[in-house]
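One-letter residues, chain by chain:
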Amino acid sequence: MEPETGHHGAGHSSVHAHEKSDAGIHAAGILGGAFVILLIFGLVTGYLTFRFFNSPETVGPPASPLSSARVIPKGPRLQVYAHEDLLDYLQHQQQTLDSYGWVDQKAGVVRVPIDQAMETLLKNGLPVRGVAPAPGTQKATAAKAKASKE
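No experiment lies behind these values; they were computed from the predicted model shown.

Caption draft 1: A look at the overall build of the protein chain. A count of helices and strands for the protein chain gives four helices and two strands. What you see in the protein chain, going N to C, is helices and strands ordered as α-α-β-β-α-α. Evaluated residue by residue, the protein chain yields a buried proportion of 1% over its 150 residues. Sequence separation of 24 or more characterises 0% of the internal contacts of the protein chain that already satisfy a separation of 6 or more. When the accessible surface of the protein chain is split by element, carbon and sulfur atoms take 64% of a total near 15,000 Å².

And the structure:
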């Protein structure tokens, strides 16, 4: 009788197929070497990147702890002394509120000090507009007045 090769027949005797050789040590060595090289490359790259970004940036000579002068950098200085600029602005606004002046000289509009304006408002009251009928209601009002006369 011939032995069956890989097929289950009626006799149920089968030959099991398996690898005839083990995994190659050469391929495993290449793979392990590639991992080691990749690991070393990653560590060196990370170290150099860290050193590059962690290095101090020189912006000029170090400031003396005894110096009180402020060094202004070059370039456009939009607002060097913000606090003083704010105080100047507030002083100008207060001066505008406390003085007389023209708002529109051609139209005859003047500015009076705020205290004077408040006193005048308290004495004279707010200006009142004349009562004018709303647009489109003149005809209806005239018709009602005419109807009431008849």
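So much for the structure itself; the text now carries on.
Caption draft 2: Local environment of the pairing of strand β1 (residues 101–104). Strand direction decides the pairing type here: β1 and strand β2 (residues 109–111), joined by three bridges, are antiparallel. If you follow Gly101 over to β2, its bridge partner there is Arg111. Where β1 folds back onto β2 in an antiparallel hairpin, the turn is made up of four residues, including Gly108, whose phi is positive at roughly 80 degrees.

Caption draft 3: Up close: the packing of aromatic side chains. On inspection of all chains with the given rule, the structure shows one aromatic pair. Taken together, a centroid distance of 5.0 Å and an interplanar angle of 75 degrees make the contact between Phe52 and Phe53 edge-to-face. Grouping residues by exposure puts Phe52 and Phe53 together as exposed.

Caption draft 4: Representation of a nonpolar patch on the surface within the structure. Together, Val36, Ile40, Val44, Tyr47 and Leu48 make up a nonpolar patch on the protein surface, roughly 480 Å² of accessible area in all. Mapped onto the secondary structure, Tyr47 falls in helix α1 (residues 25–54). The class of Tyr47 is partly exposed, set by a relative accessible area of 49%.

Caption draft 5: Representation of α1 within the structure. Compared with an ideal rise of 1.5 Å per residue, which puts 30 residues at 44 Å, α1 spans 43 Å between its outermost C-alpha atoms and is within 8% of the ideal. The element α1 is largely exposed, with a buried count of zero among its 30 residues.

Caption draft 6: Here's a closer look at the environment of Trp102. Position of Trp102 relative to the elements: it lies in strand β1. Here the alpha-carbon distance between Trp102 and Val112, two residues 10 residues apart in the chain, equals 8.9 Å. Non-local contacts of Trp102, meaning those with residues more than four positions away in its chain, are made with Gly108, Val109, Val110 and Arg111.

Caption draft 7: Focus on the confidence of the model for the protein chain. Per-residue pLDDT for the protein chain averages 80, and the proportion of residues at 70 or more is 75%. Mean pLDDT values for the elements of the protein chain range from 61 in helix α4 (residues 138–149) up to 94 in α1.

Cut-off values and rules
- Residues numbered from 1 in each chain as written.
- Predicted model: local features only at pLDDT ≥ 70, side-chain atom pairs only at ≥ 80, totals over all residues.
- Heavy atoms only, no water.
- Helix = DSSP H or I, 4+ residues; strand = E, 2+ residues; numbered from the N terminus.
- Buried < 20%, exposed > 50% of the residue type's maximum accessible area, 1.4 Å probe, protein only.
- Contact = heavy atoms within 4.5 Å.
- Areas by Shrake-Rupley, 256 points an atom, 1.4 Å probe, with all protein chains shown as cover.
- Pairing = 2+ DSSP bridges.
- Phe/Tyr/Trp six-rings, centres within 6.5 Å; stacked < 30°, edge-to-face > 60°.
- Patch = residues over 30% accessible without salt bridge, like charges linked within 9 Å, V, L, I, M, F, W, Y side chains within 5 Å.
- Salt bridge = Lys/Arg side-chain N within 4 Å of Asp/Glu carboxyl O.
- Expected span 1.5 Å × (residues − 1).
- pLDDT = per-residue confidence, 0-100.

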